[in-house]
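Close look at the chain arrangement
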Amino acid sequence: MSTNFRLITIPVSHYVEKVRWALDYLQIPFQELPQMPPFHRGAVKKYGGTTVPVLIGNSIVKTDSTDILRYLDTLAPGKLYPTDPDVQELSTELETLFNLTLGVSTRRWGYSHVLTRELLYPRWTLGVPFWQKLLFPLIFPKIEPIIRENFKITATSAAKSYQEIIGVFDRVNQVLADGRKYLLGDRFSAIDITFAALAVPILQPSEQYTPSTPLDLLSAQMQADIHNCRSTLAGEFGLRLYRENRR
Ligand SMILES: N[C@@H](CCC(=O)N[C@@H](CS)C(=O)NCC(=O)O)C(=O)O
């Protein structure tokens, strides 16, 4: 393939991880352009985006992670999204549930617990340009209240988001209950990638892209939530996908 892809990212973002995994799975080379918030805004704005990831190719720009996966599927047809008509309904239901509920809830739950200078610094600065890293101490006090406001982080939001995560995990448990290997049957797909990547904050797989914080440095509630989710069928499944299918 002659296209040189570039991917604008906030490296810790789980929507970024979803796309990174799909690119790696399809063995499509790309250059990652890591940004620390809020500098991602300027980087994506010139391509018409507001969030990361943004994929830029020779003649394409994609500003949403699911649009990116759909586009990548056209380069290797059928490898990410199965064409079997029998699985289309489940595929759409789960993809929407993961994108709109799981991804949003794991992010709000995660930020509710790690919005401190010490815990955020390694998450936000991995691989970013040196000058952005240097600005972290100045940026953090300004951006912390904005994150609280934007992600609606309140005293009760972590518990509410955790219940939403459990709701999604229950649905995944149901789907997996017949012993199938992957969410759509016996073949690995974009739906598995979407689930496992968007569950990263609550499963903390050891193979995740950003080095994880030792669990004992996290709050007792956060540790308990992680342990509970890991021990479900859905949680074991997400961890297995990371062990066996992340490359
Ligand atoms: N629907 C979008 C959501 C992506 C998204 O929410 N990205 C977050 C990072 S996890 C982001 O860019 N946040 C920064 C911002 O909103 O300015 C997608 O799937 O690409």
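Residues numbered from 1 in each chain as written. Predicted model: local features only at pLDDT ≥ 70, side-chain atom pairs only at ≥ 80, totals over all residues. Heavy atoms only, no water.

The subject of this paragraph is the sheet that holds strand β3 (residues 54-56). One open sheet accounts for four strands, arranged β2-β1-β3-β4; its pairing is mixed. The outermost strands of the open sheet, each flanked by one partner alone, are β2 (30-34) and β4 (61-62). Where strand β1 (residues 5-9) meets β2, five bridges bridge the pair, whose relative direction is parallel. Within β2, the residue paired with F5 across the bridge is F30. In the packing of helix α1 (residues 14-25) onto the sheet, the strands contacted are β1, β2 and β3, and the crossing angle to β2 comes to about 165°. (Pairing = 2+ DSSP bridges. Helix = DSSP H or I, 4+ residues; strand = E, 2+ residues; numbered from the N terminus. Contact = heavy atoms within 4.5 Å. Axes fitted to C-alpha atoms, helices over the stretch in contact; angles between N-to-C directions.)

Turning to the site of the ligand, a few remarks are in order. Every residue near the ligand is listed here: S13, Y15, H40, R41, T50, T51, V52, P53, D64, S65 and R107. Within the side chain of H40, an N or O atom sits 2.8 Å from an oxygen atom of the ligand. The separation between a nitrogen atom of the ligand and a polar side-chain atom of D64 is 3.0 Å. For the ligand, whose free accessible area comes to 510 Å², the fraction covered by protein is 78%. Taken together, the residues of the shell around the ligand sort by class into three nonpolar, five polar and three charged. (Near = heavy atom within 4 Å. Polar contact = N/O pair within 3.5 Å; in protein donor to acceptor, adjacent residues only side chain to side chain. Areas by Shrake-Rupley, 256 points an atom, 1.4 Å probe, with all protein chains shown as cover. Nonpolar A, V, L, I, M, F, W, Y, C, P; charged D, E, K, R; others polar.)

This brings us to the packing of aromatic side chains. Counted under the stated rule, the structure contains 13 aromatic pairs. A centroid spacing of 5.4 Å and a plane angle of 20° characterise the contact between Y111 and F151, whose relative ring orientation is stacked. With Y111 in helix α4 (residues 88-114) and F151 in the loop between α6 (130-150) and α7 (157-176), the pair connects residues that are 40 residues apart, well separated along the chain. The buried category is assigned to Y111, whose relative accessible area is 14%. Three or more aromatic residues joined by ring pairs form one cluster here, namely W21, Y25, Y182, F188 and Y242. Positioned over the ring face of Y209 is R20, at 3.4 Å from the centre of the ring. The lysine or arginine in question, R70, covers the ring of Y81, its NZ or CZ lying 3.8 Å from the ring centre. (Phe/Tyr/Trp six-rings, centres within 6.5 Å; stacked < 30°, edge-to-face > 60°. Buried < 20%, exposed > 50% of the residue type's maximum accessible area, 1.4 Å probe, protein only. Lys NZ or Arg CZ within 6 Å of the ring centre and 35° of its normal.)

Right, let's get into unusual backbone geometry. Going from P37 to P38, the amide bond is cis rather than trans, its omega being 5°. With an omega of 5°, the peptide bond running from V52 to P53 counts as cis. In this fold, P53 is placed in the loop between α2 (39-45) and β3. Positive phi is not limited to glycine here, since K152 has a value of about 50°. Note that K152 resides in the loop between α6 and α7.

It is worth stressing that arrangement in space is one thing and function is another; only the former is reported here.
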